[in-house]
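Spelled out, the chains give:
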Amino acid sequence: MRMIDFSNWNSILSTVIGIALFALIGIGIRVLVMFTVQQRRERMNRQINERLRVLIAAYKVLGGSFTGDLAVDPAHLRDLRQRATEEGTDLTEGSDRRRRIRDAVEAALSDILLLGTETHVRLAERAARDLVEGRPVQTDELVRSLRDFIRKALDLEPVPTGLAIPPQGPTRPAPGGGKGRGGDEGRSRGTGGGGGAGAGGGGGMGMGMAAGRQADDPATGG
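Topic: the UniProt feature "transmembrane region" (unreviewed entry) in the protein chain
- The residues that UniProt annotates with the feature "transmembrane region" (unreviewed entry) are residues 12–37.
- The straight-line gap between the two end C-alpha atoms of residues 12–37 is 38 Å; of that span, 100% is helix and 0% is strand.

If you want it as structure tokens, here you go:
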């Protein structure tokens, strides 16, 4: 108060202008900080929502079946043609379906290698290596890990203990050569769409994702 001079109108006016400028600068700094924090939070929420959307799609591809042959056949189309030629038969609908399942699984594994936690990446790497080396692949362990992570990220209760959930395998595409549910999910990357996790709640997902990273991904690389 000693620096405020009320002895004349010029001093009063200068004092008022100085206080107004100081308040304006303070408000501007506060607004800028709040805007920066909000932008960062929105960017993090978009990243979290996109990560969840991709992992949920991969989960549906890798774990959409409970019955039938749950192993992924690593054979490519050229292998199937060669096998059919050697046996003197034609390619069957079942062979084409197995090929499309493999293609969808490969796309899902690629997404998991990009956006999964450390545990997911290790399991996906092992599955991809088995495919490359021509060994049938079981996806049940990776599906369980994805299921637990997604439920925790969405702040859902864990799967009740004591349930005898059957082993899960890749979604079987619809017959007739068209894309099945698995093929569509396996290739749904990069489109905005609003995904399964996007609309519902950035804040809750952010807290859940943070807990998921601490519990399942100590390196927090993704």
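Now that the structure has been shown, the text picks up again.
A few points about the pattern of salt bridges
- Across all of its chains, the model carries 10 salt bridges by this definition.
- The residue aspartate 103 makes a salt bridge to arginine 102 at a minimum N-O spacing of 2.4 Å.
- The residue aspartate 140 makes a salt bridge to arginine 144 at a minimum N-O spacing of 2.3 Å. Taken together, the residues aspartate 140 and arginine 144, both in helix α5 (residues 140–153) and 4 residues apart, mark about one turn of the helix.
- Look at arginine 144 and you get partly exposed, because its relative accessible area is 37%.
- Sharing partners across several salt bridges, the network here consists of Arg99, Arg102, Asp103 and Glu106.

Thoughts on the nonpolar core
- Counting 23 residues, the largest nonpolar core has Leu62, Val105, Leu109, Ile112, Leu142 and Leu146 as its most contacted members.
- Among the elements of the structure, α1 (9–62), α3 (93–115), α4 (118–132) and α5 are those that each provide at least two residues to this core.
- Every residue in contact with leucine 109, bar those within four places of it in the chain, is listed here: Leu62, Ala124, Ala127, Ala128, Leu131 and Leu142.

Remarks on the packing of α4 against α5
- The N-to-C vectors of α4 and α5 enclose an angle of 160°; their axes lie 10 Å apart at closest approach. It follows from the interaxial angle that α4 and α5 lie roughly antiparallel. Note that α4 runs across α5; the crossing there is left-handed. Two secondary-structure elements touch here, α4 through Thr119, His120, Leu123, Ala124 and Arg126 and α5 through Glu141, Leu142, Ser145, Leu146 and Phe149.

Observations concerning α4
- Across its 15 residues, α4 extends 21 Å between first and last C-alpha, which sits within 8% of the 21 Å expected from 1.5 Å per residue.
- Within the sequence span of α4, burial applies to His120, Leu123, Ala124, Ala127, Asp130 and Leu131. Along α4, the residues classed as buried sweep out an arc of 120° about the axis, all on the same side. Facing away from the buried side of α4 by over 90 degrees, the exposed positions are Arg122 and Val132.
- Just downstream of α4 lies glycine 134, where phi reads positive at about 80°.

A word on the confidence of the model for the protein chain
- Looking at the protein chain, the pLDDT average stands at 76 and 67% of residues meet or exceed 70.
- Confidence drops under pLDDT 50 across residues 177–222; counting only partners more than four residues distant or on other chains, this segment forms 81 contacts.

A few points about the side chain of threonine 139
- Here threonine 139 lies in the loop between β2 (137–138) and α5.
- For threonine 139, a relative accessible area of 2% corresponds to the buried category.
- A distance of 2.9 Å separates the side chain of threonine 139 from the backbone oxygen of leucine 62, its partner in a polar contact.
- The residues touching threonine 139, leaving out its near neighbours within four places in the chain, are Leu62, Val72, Gln168, Gly169 and Pro170.

Definitions and limits used
Counting restarts for each chain, with residues numbered from 1 along the sequence as it is written. Where local features are concerned, this predicted model is filtered to residues with pLDDT of at least 70; where side-chain atom pairs are given and counted, the filter is 80 or more; whole-chain, interface and lining totals use all residues. Water and hydrogen atoms were dropped before computing side-chain values, which therefore reflect all heavy atoms in the structure. UniProt positions are given in the numbering used here, feature names are shortened, and annotations may be inferred rather than shown by experiment. Helix and strand definitions follow DSSP, with helices as H or I runs of at least four residues and strands as E runs of at least two, each counted in order from the N terminus. Criterion for a salt bridge: a side-chain nitrogen of Lys or Arg within 4 Å of a carboxyl oxygen of Asp or Glu. Each residue is assigned to one of three classes by its accessible area relative to the maximum for its type, calculated with a 1.4 Å probe on protein chains only: buried under 20%, partly exposed between the two thresholds, exposed over 50%. Think of a nonpolar core as a cluster: buried Ala, Val, Leu, Ile, Met, Phe, Trp, Tyr and Cys residues, connected wherever their side-chain atoms sit within 4.5 Å. Note on definitions: a residue-residue contact is assigned when non-hydrogen atoms from the two residues lie within 4.5 Å. Axis lines are fitted through C-alpha atoms, for helices just across the contact stretch, and the angle between N-to-C directions can take any value from 0 to 180 degrees. Any angle that falls under 35 degrees is termed roughly parallel, while one over 145 is termed roughly antiparallel, one within 65 to 115 roughly perpendicular, and all others oblique. By definition, turning the near helix anticlockwise from the far helix through less than a right angle yields a left-handed crossing, and turning it clockwise yields a right-handed one. Any helix carries an expected span of 1.5 Å times its number of residues minus one. Relevant arc is that of directions from the helix axis to the C-beta atoms, nothing else. Every residue is assigned a pLDDT by the predictor, reflecting its confidence on a scale from 0 to 100. Pairs of N or O atoms are called polar contacts if they sit within 3.5 Å, as long as, within protein, a hydrogen donor faces a hydrogen acceptor (for residues adjacent in sequence, only side-chain-to-side-chain pairs).

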